[in-house]
Amino acid sequence: MPTAPHVALFATCITDTMKPSIPIATVQLLERLGCKVSYPASQTCCGQIMTNTGYFKEALPTVRNYVKSFGEYDYIVAPSGSCVGSVREQHAMLAEKSGDKALQADATAVAGRTYELTEFLVDVLGVTDVGAYFPHRVTYHPTCHSMRITKVGDRPLQLLRAVRGIDLVELPMAEQCCGFGGTFSMKNPDVSIAMASDKARHVRSTDAEYLVAGDHACLMNIGGVLHRQRSGIRTIHIAEILASTEKEVAVA
Amino acid sequence: MSAREEVLSRIRKATTDVKTVDPALDVPVHWTYGRALATTDVLGDFVEKVEDYKARVVRVASDGVGDAIVDALRELGATSTVLPDGIPDGWAESLSAAGVEIHRDEPQLTHAQLNVIDAVVTTAAVGMADSGTIALDHGPGQGRRALSLLPDRHVCVVRSDQVVSDVPEGIARLAPALRARHPVTWLSGGSATSDIELSRVEGVHGPRHLWVILVD
Amino acid sequence: MTTTQERLTPQPPSWLGIPPFPEAVKEELAKAEQRKNLRHATGTIRTKRLLRAAEVDNWEELRTAAAEIKDRVGRHLDTYLVQAEKAMTEAGVTVHWARDGAEANRIVAEIAKAKGVDEVVKIKSMVTQEIDLNEALEQEGIAAWETDLAELIVQLGHDLPSHILVPAIHRNRSEVREIFTTEMGTYGTPAPEGISDDPGELTNAARAHLREKFLRSKMAVSGGNFIVAETGTLVIVESEGNGRMCLTLPETLVSVVGIEKILPTIEDLEVFLKLLPRSSTAERMNPYTSLWTGVTPGDGPQDLHVVLLDNGRSNVLADPVGRAALRCIRCSACLNVCPVYERVGGHAYGSMYPGPIGAILGPQLRGLEEERDRALPFASTLCGACNEVCPVRIPFTDILVHLRNKVVDYKTSKHPTIEQGLMKGAAWVMKDGTHLSSAQTATRTAGRIFKDKWLGPMPIPLAERWLQARDVEPPPTETFRQWWKKNREGENR
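Conventions used here
- Every chain's residues receive numbers from 1 upward, in the order its sequence appears when written.
- Chains carry letters and ligands carry numbers; both start at the beginning, A for chains and 1 for ligands, and go up in the order they are written.
- Local features in this predicted model are restricted to residues of pLDDT 70 or higher, and side-chain atom pairs are both shown and tallied only at a pLDDT of 80 or more, whereas totals for entire chains, interfaces and linings draw on every residue.
- Numbering of helices and strands runs from the N terminus, with a helix taken as a DSSP run of H or I at least four residues long and a strand as a DSSP run of E at least two residues long.
- Each residue is classed by its C-beta neighbour count within 10 Å, where at least 20 other C-beta atoms makes it buried, 12 or fewer makes it exposed, and intermediate counts make it partly exposed; the C-beta atoms are placed from backbone geometry.
- By the convention adopted here, residues make contact when the C-beta atoms placed from their backbones lie within 7 Å.
- Lys, Arg, Asp and Glu make up the charged group, whereas Ala, Val, Leu, Ile, Met, Phe, Trp, Tyr, Cys and Pro make up the nonpolar group; the residues left over, Gly among them, are polar.
- Strands qualify as paired when DSSP identifies two bridges or more between them.
- How far each domain reaches was decided by an automatic or database domain assignment.
- Fitting a line to C-alpha atoms yields each axis, with helices limited to the stretch in contact; the angle taken between N-to-C directions then spans 0 to 180 degrees.
- Roughly parallel means an angle under 35 degrees; roughly antiparallel, over 145; roughly perpendicular, 65 to 115; everything else is oblique.
- It is the rotation of the near helix from the far one that decides the hand of a crossing: anticlockwise by less than a right angle makes it left-handed, clockwise makes it right-handed.
- UniProt positions are given in the numbering used here, feature names are shortened, and annotations may be inferred rather than shown by experiment.

1. With respect to the overall build of chain C
Point 1. When helices and strands are counted, chain C shows 23 helices and 10 strands.
Point 2. Projected onto the principal axes, the alpha-carbon positions of chain C cover approximately 90 × 55 × 50 Å.
Point 3. Expressed as a percentage of its 493 residues, the buried residues of chain C come to 57%.
Point 4. Partitioning the intrachain contacts of chain C with sequence separation of at least 6 by distance along the chain shows that 76% fall at a separation of at least 24.

2. With respect to the overall build of chain A
Point 1. Scanning chain A from terminus to terminus reveals 13 helices and eight strands.
Point 2. Each principal axis of the C-alpha atoms in chain A carries an extent, and together these give about 50 × 50 × 25 Å.
Point 3. Taking all 252 residues of chain A together, 64% fall into the buried category.
Point 4. Once local pairs closer than 6 in sequence are excluded, the contacts in chain A between residues at least 24 apart make up 77%.

3. Re the interface of chain B and chain C
Point 1. Taken together, the contact between chain B and chain C spans 62 residues of the former and 74 residues of the latter.
Point 2. Mapped by element, the contributors of at least two residues to the side of chain B that touches chain C are helix 1 (3–14), helix 2 (23–26), helix 6 (111–115), helix 7 (167–179), strand 9 (184–187) and strand 10 (192–193) of chain B.
Point 3. It is helix 1 of chain B that provides the largest number of residues to the side of chain B that touches chain C, a total of nine residues.
Point 4. Class assignment for the residues of the side of chain B that touches chain C results in 28 nonpolar, 20 polar and 14 charged.
Point 5. With four bridges joining them, strand 9 of chain B and strand 9 (residues 288–292) of chain C adopt antiparallel strand pairing. Paired with B:Val184 across the bridge in strand 9 of chain C is C:Leu291.

4. Topic: the domain arrangement of chain C
Point 1. Here chain C is partitioned into domain 1 (15–20 + 57–313) and domain 2 (419–487).
Point 2. Put simply, the middle of domain 1 of chain C and the middle of domain 2 of chain C, counted by C-alpha atoms, are 54 Å apart.

5. Section: the domain arrangement of chain A
Residue and element names in this part refer to chain A.
Point 1. By the assigned domains, chain A splits into domain 1 (6–124) and domain 2 (137–243).
Point 2. A straight line from the C-alpha centre of domain 1 to that of domain 2 covers 22 Å.
Point 3. Opposite the 27 residues of domain 1 that make contact, domain 2 presents 22 residues.
Point 4. Class assignment for the residues of the side of domain 1 that touches domain 2 results in 10 nonpolar, 12 polar and five charged.

6. Side note on the environment of A:Lys68
Residues and elements named next belong to chain A.
Point 1. Inspection of the secondary structure assignment puts Lys68 in helix 4 (residues 56–70).
Point 2. Overall, Lys68 belongs to the partly exposed group, with 16 C-beta atoms counted inside 10 Å.
Point 3. In the structure, Lys68 is positioned 178 residues away from Glu246 in sequence and 39 Å away in space, judged by C-alpha atoms.

7. Here's the deal with the interface of chain A and chain C
Point 1. Taken together, the contacts link 56 residues of chain A with 51 residues of chain C.
Point 2. Counting residues per element, the side of chain A that touches chain C draws most heavily on helix 11 (residues 189–204) of chain A, at eight residues.

8. Quick look at the packing of helix 9 (residues 173–187) of chain C against helix 10 (residues 199–216) of chain C
Residue and element names in this part refer to chain C.
Point 1. Two elements in contact, helix 9 and helix 10, have axes separated by 10 Å at closest approach and are oriented at 30°. As the angle between them shows, helix 9 and helix 10 are arranged roughly parallel. Taken as a pair, helix 9 and helix 10 cross one another with a handedness that is left-handed. Listed contacts from helix 10 to Arg173, Val176, Arg177, Phe180 and Met184 of helix 9 are Pro199, Leu202, Ala205 and His209.

9. Observations regarding the UniProt feature "domain: LUD" (unreviewed entry) in chain C
Point 1. Those places that UniProt annotates as "domain: LUD" (unreviewed entry) correspond, in this numbering, to residues 83–309 of chain C.
Point 2. With 42% helix and 21% strand, residues 83–309 of chain C has end C-alpha atoms that lie 16 Å from one another.

10. A short note on the environment of C:Asn242
Point 1. Among the structural elements, C:Asn242 can be located in helix 11 (residues 242–248).
Point 2. On the neighbour-count criterion, C:Asn242 (31 C-beta atoms within 10 Å) is buried.
Point 3. C-alpha separation for the pair C:Asn242 and C:Asp303, spaced 61 residues apart in sequence, amounts to 19 Å.
Point 4. Not counting the four nearest positions on each side in its chain, C:Asn242 is found in contact with B:His205, C:Ile123, C:Thr147, C:Asp148 and C:Leu210.

11. Description of unusual backbone geometry
All names here are of chain B.
Point 1. For the bond from Glu106 to Pro107, the omega torsion is 0°, close enough to zero to count as cis.
Point 2. With respect to the helices and strands, Pro107 occurs in the loop between strand 3 (101–104) and helix 6.
Point 3. The backbone of Lys54 shows a phi angle near 65°, a positive value even though the residue is not glycine.
Point 4. Assignment of secondary structure puts Lys54 in the loop between helix 3 (42–52) and strand 1 (56–60).

Printed below as a string of C-alpha cells:
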C-alpha cells in the first residue's frame, strides 16, 4: 500500500444532503487508517438519477463536473456501490453519446481511479480488520449495484467479519433487489412496495438490531418500511460500522 | 420488391456500421470446438446421468443383448415390439423364442398400427455421458422416426464405444450424418413435463419408458 | 370467412385489453395464489439453474462463445440467411420470406388451403404467438391446436401465456382440472370421468386428448430454435414429445422462424445445446431434440416449408446497442431471476414476451407508438440479476437504460413534460458544487421544521407514492458540505 495515500472523497449528493453521518464516518475511517482525505467542493452527483430515467443530455453536466472535480486525484473513494457503478459504467457512454471524445477519454480515466469504499480498503489499503468495534446483531444486504455493477464481491463481508463484538447473521434472499430502483419507486410504486415489504420481512426474520448495506438509497427504502412497521430495526451504512471503535461509537 | 429482397435490404441497411466483410474476422469466436471432458469413467458417468432421468440402464456383455432385451420387455409389460431393419438376427431370435410378437416395418406400418404396438427396440448412434443423452441418426437398426416415437416403451441398445464424454464430442461424431441430411433425434430420458406447478411428470407423448442396454 | 361463424377453437382474450404496466400490475399483485405459485416456481427453477450451471467448468467461456456466435450472425445476417435458404432449398424445403406477421400468417393459411386441411397441430412456439397465427388461421376456417401441455392449458382456458417456458405458470392444479373437465370434451377426447387434480392424471388426460389429434392431423406448424446456415438443418428442443409427434407424423410441416435464429455451422450447436437446457428448464439436457435437414424419403413429412420472418427484427438490428437483444434463445432464465416478474407474473407486460427480455425486445420489435410499449423499459429496478444468468450475455440493464433514453426522446419531441422540467432542474443543481450548496438550503430548512420527526403518510403529489408505504427520516440541519467546512477546511483544500 502507498504510504498515506491521498484520497478524494466523493461524498455523493444523497448522503451529503440527507445523511451526512455516512461521509463523516468515511472521513474518520480513512483518516484513522492513515489516509489524507480531501473533499473537492465543486463535486455534486454521479448523475444516475437522470441517466437511469433516460435523460442523457441532462446527465452530461454531472459527467463534466465529476471530471473537473476529481481529475487530478489518484484515488477517488465513495461510500456507495451504486454511485461508483454509475461513474464507472455510464460516464464514458454518456460522453460518447454526446460526441465529446475528449470528455470520453477523461471520464474513462477518472472512472478507472474511482473506488467504492470497501474496494479501496481491501484492494488498495490491503486491510480487512480496520480495528472497528460494534457489539450488535447485524444483517447485511449486499445491494444490487454493489454486487452486480460495481462487483464488490465479498469485501464488505470480509470487513464486517473482522469487526469486534459484531453478531453478523445471514439475511434470507439477500441477493434479491429491495425494490428501490431510483425512479422505479415512483413510476412503479406498487411493485416497488411489494418488493420492499418482502425485503423488510426477511430483515425482520433475522432478529437483527441493524440492517447494514453499502448504499444509502437502498437503506432509505428498506429502512422506511421498517420504520413504518415500527419494527425497531435500524439501518446503518457499512462506513458507520467500520468507523465505530470502543472509544467512538457511531450513531446511525 | 419481393419479401425476400425487402427483408434482405432492410438487414443490409441495418448493418451499414459493419465494415469487415468476413464474419470470422469481424467477430472472432473464442471457443475450441469438439473438446472432450476429462471424465475418468465415461461409461459410469453415462449410466449415472441416464438413470438420473429415471430411465433404466443395464450393462451386459455383447452375447447377452438378446436376453437383456427379452428381460426388458418382460419387465416393461410388453408382449409386442417393432424391430427396425438392421437389428441383428440373434436379437430377433431371442425375442421369438421368448414368445414376443415381432412387427417389421416392411411394408411401412401405419401410424395407427404403430400406436398399438407395445414397444420398439433400436440401436443408437452416439451416447453423450455428461448430459445422459442418446442420439439416433435413424440409420440401420434405428428405423425411421415414427418407430421410436409411437410405441410406449423404447428399448435402446448402445455400444460402449459409441459413448463419448460430452456434447461437443457427440456433435463431432454426428456431424457426418447431419451433413448427409440424416434426421437426428436426441433422447435424454423419457418424455417429461413440468407444466403443472413445476411438478415433474415422466411420460407425456413420446415413449413413457426408456430402457437402455449398454453393451460393454 | 364470416365473423358470425361458430369458433373452431377456444376464444382467447386479447393482449390489447391489458393496460400499461404500472396500471396492469395492481390487479396482478393482488392475486394471492398466483403470487404463491410464482414465488414457488421461480424460486425452484432459480436454485436448480444455479446447480446445473455450476456443474459446467467452462460455463462463462460458453456464454462468451454463444454471445460471439450470435453477434457474428446478426452482423452478417444477410449472408447467413442467403446461405441457409440455399441449403434448405437444396434439401427439398420450400423457403418463404415474410416482412411481417400478416404476411407469414397468409403464407401458412395458403399452404393449409392448398393441402385442403381444416386443422393443424402446433408445437409450442413464441414466434407464432407473436404473429397471432392461431387467430389468423381461425379466421380462415382452420383450427390450430396447441399440443404443448401448458399451451393446451392456456388455449382451453381461454387464457394468455404468462411465461416463455411454462406459459401456464400462473395456474394451479385444481384450475387445470377445472379447465380440462369443462373444455376438453368440446374440442375432442374429453377428460376421464372423475379425474383428480394429480398432475400425473391431468397429463394422461392431455396425452389421450392430443393423441387423437396427432394421429389424424395432416399438417403441423412449428417454430424453430435454430437453423444451421451451412446445412439448412432445423433444430427443435422440447420435453414432452409433442414436438416429435408434430415433426414426424403429418405429411406437411411449416416452420415459422425468426430471421435471427441462424447459427453458422453444425459445430456451433455444441455451444447452444449445452447452454440452453441448463438455462431454461435447468436440466443437463431436455428430453428430446429433433434435428432435420430437408425431406427424408419415407421418413417424416414429405412437404416441408420454412417461413423466414422479419416482423420488426431488422429494426432491432438497426440499433447497435439494442441489437444484442437478438441474441436471445428464449430460455427464460431472465424471467426466473427477475424480482419484478416474480411478483407480477407475465400478463402485466402486455405481450407474449414478459420479464426482462420482454421489456427490451417488445418495444424494439413493436416501436414506441403505444404507451404500453413506452412503459416497458421502466418495468425494471435495473438490479442486473438478468445480466448474470443470460446464457448469451445480453446486457439487459444497458439496453433498458438506452431504451429509456429513446422513450424520453420520443415523448419530449412531442411536447415538454413535467418530468423533463424536473430533470432539467436537477441538471442545473448538479452542474456545480455551488448550485448544489444553494439547493441544500431548502433541505436544511425542512430539517429545522421537522426536527427529528420522521415523515409519515402525506397526500403530497408524487411523494405520496413513496410515503404510502415508507416513512422518511427528516433531512439534517447540517449537510456534509457544511460539516467539512467547519471541521476540516484549512487542513486540506
